Amino acid sequence: ASLLWLLADIVLLIFASLLIAVLLRGAASAIVARFKIPPGIALFLFVFAIIGTLGVFFAWLGPQFGNEFVQLLGIIRSFDHSGAWNNSVWGNLFHRVQTAANALPDNLFGPSTTSIVMSTLGGMGSLLLISVTGLYLAATPKIYEDGAVRLIPIRHRDRAREIMAEITSVLRWWMLGQMIDMI
């Protein structure tokens, strides 16, 4: 249990990759059932559709988000120069937190800019790792399923396959329910 606690970040990355794989494989299976095309092509089409949709979304709304962010920065700067920020509830809270943070030793958290950049890069790296791993798991699930089952004693392998199939089914339906709930 303590080893699991120490490796919690890795376990969460693996679980997120499995969720992505279940999502991709479920969508590809639905495309295969509907259009009678090979699973690899269905997976490619679904991933291509996701990338295309995200590209169109960012091309369409990206400039608007950028302009609104610049406006927000201008409002914050003007608010800070006017002194209204210092007299507001949020300004007082911010200054208290900033004073408390400044009282901490520098080596505890490091310079804030560095930690923000490193956190952002770490998050982007994790997202890339989850996406690529999920894509590999979705593309050839049998290879990874067989590899995981080989870790189980021979007499329990059939049961392990049943459990893995049930987990896949439950996760697929859970993700579908989550998507429906978001709509």
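Note: the structure precedes this text.
A. Quick peek at the overall build of the protein chain. Scanning the protein chain for helices and strands turns up nine helices and zero strands. Of all 183 residues assigned to the protein chain, the portion counted as buried reaches 13%. When contacts within the protein chain are restricted to residue pairs at least 6 apart in sequence, long-range pairs at least 24 apart make up 49% of them. Of the roughly 14600 Å² of accessible surface on the protein chain, 72% is carried by carbon and sulfur atoms.

B. Summary view of helix 2 (residues 8–35). Across its 28 residues, helix 2 extends 40 Å between first and last C-alpha, which sits within 8% of the 40 Å expected from 1.5 Å per residue. Phi turns positive, to about 55 degrees, at Lys36, one or two residues after helix 2.

C. Looking closely at the pattern of salt bridges. Taken as a whole and assessed by the stated rule, the structure comprises four salt bridges. Arg161 serves as the salt-bridge partner of Glu145, at 3.4 Å between the closest nitrogen and oxygen. Highlighted residues: Glu145 in helix 8 (residues 141–149) and Arg161 in helix 9 (residues 157–182), separated in sequence by 16 residues. Here Arg161 falls in the partly exposed class, since its relative accessible area comes to 29%. Of the charged contacts in the structure, one is a salt bridge between Arg159 and Glu162, with a shortest N-O distance of 3.2 Å. With a gap of three residues between them, Arg159 and Glu162 both fall in helix 9, about one helical turn apart.

D. Molecular detail of the packing of aromatic side chains. Counting across every chain of the model gives three aromatic pairs. Their ring planes at 20 degrees and their centres at 6.0 Å tell us that Phe44 and Phe48 sit as a pair that is stacked. Separated by four residues within a single helix, Phe44 and Phe48 lie in helix 3 (residues 39–82), roughly one turn from each other. Joined through ring pairs, the aromatic side chains of Phe57, Phe58 and Phe65 make up one cluster. Its guanidinium or amino end placed over the ring of Phe35, Arg34 lies 5.6 Å from that ring's centre, counting from NZ or CZ.

E. Region of the structure containing the environment of Ile10. Note on placement: Ile10 falls in helix 2. Counting along the chain gives 116 residues from Ile10 to Ser126, while the straight-line C-alpha distance between them is 10.0 Å.

F. The arrangement of the packing of helix 8 against helix 9 in detail. Orientation of helix 8 relative to helix 9, taken along the N-to-C sense of each, is 135 degrees, at an axis distance of 10 Å. For the element pair helix 8 / helix 9, the angle class is oblique. Relative to helix 9, helix 8 is oriented so that their crossing is right-handed. When helix 8 is examined against helix 9, the residues Lys142, Glu145, Asp146, Ala148 and Val149 are found in contact with a partner set consisting of Arg157, Arg161 and Met164. Residue composition of the contact of helix 8 with helix 9, by class: three nonpolar, no polar and five charged.

So, how was this worked out
- Residues numbered from 1 in each chain as written.
- Predicted model: local features only at pLDDT ≥ 70, side-chain atom pairs only at ≥ 80, totals over all residues.
- Heavy atoms only, no water.
- Helix = DSSP H or I, 4+ residues; strand = E, 2+ residues; numbered from the N terminus.
- Buried < 20%, exposed > 50% of the residue type's maximum accessible area, 1.4 Å probe, protein only.
- Contact = heavy atoms within 4.5 Å.
- Areas by Shrake-Rupley, 256 points an atom, 1.4 Å probe, with all protein chains shown as cover.
- Expected span 1.5 Å × (residues − 1).
- Salt bridge = Lys/Arg side-chain N within 4 Å of Asp/Glu carboxyl O.
- Phe/Tyr/Trp six-rings, centres within 6.5 Å; stacked < 30°, edge-to-face > 60°.
- Lys NZ or Arg CZ within 6 Å of the ring centre and 35° of its normal.
- Axes fitted to C-alpha atoms, helices over the stretch in contact; angles between N-to-C directions.
- Parallel < 35°, antiparallel > 145°, perpendicular 65-115°, else oblique.
- Left-handed = near helix turned anticlockwise from the far one by under 90°.
- Nonpolar A, V, L, I, M, F, W, Y, C, P; charged D, E, K, R; others polar.

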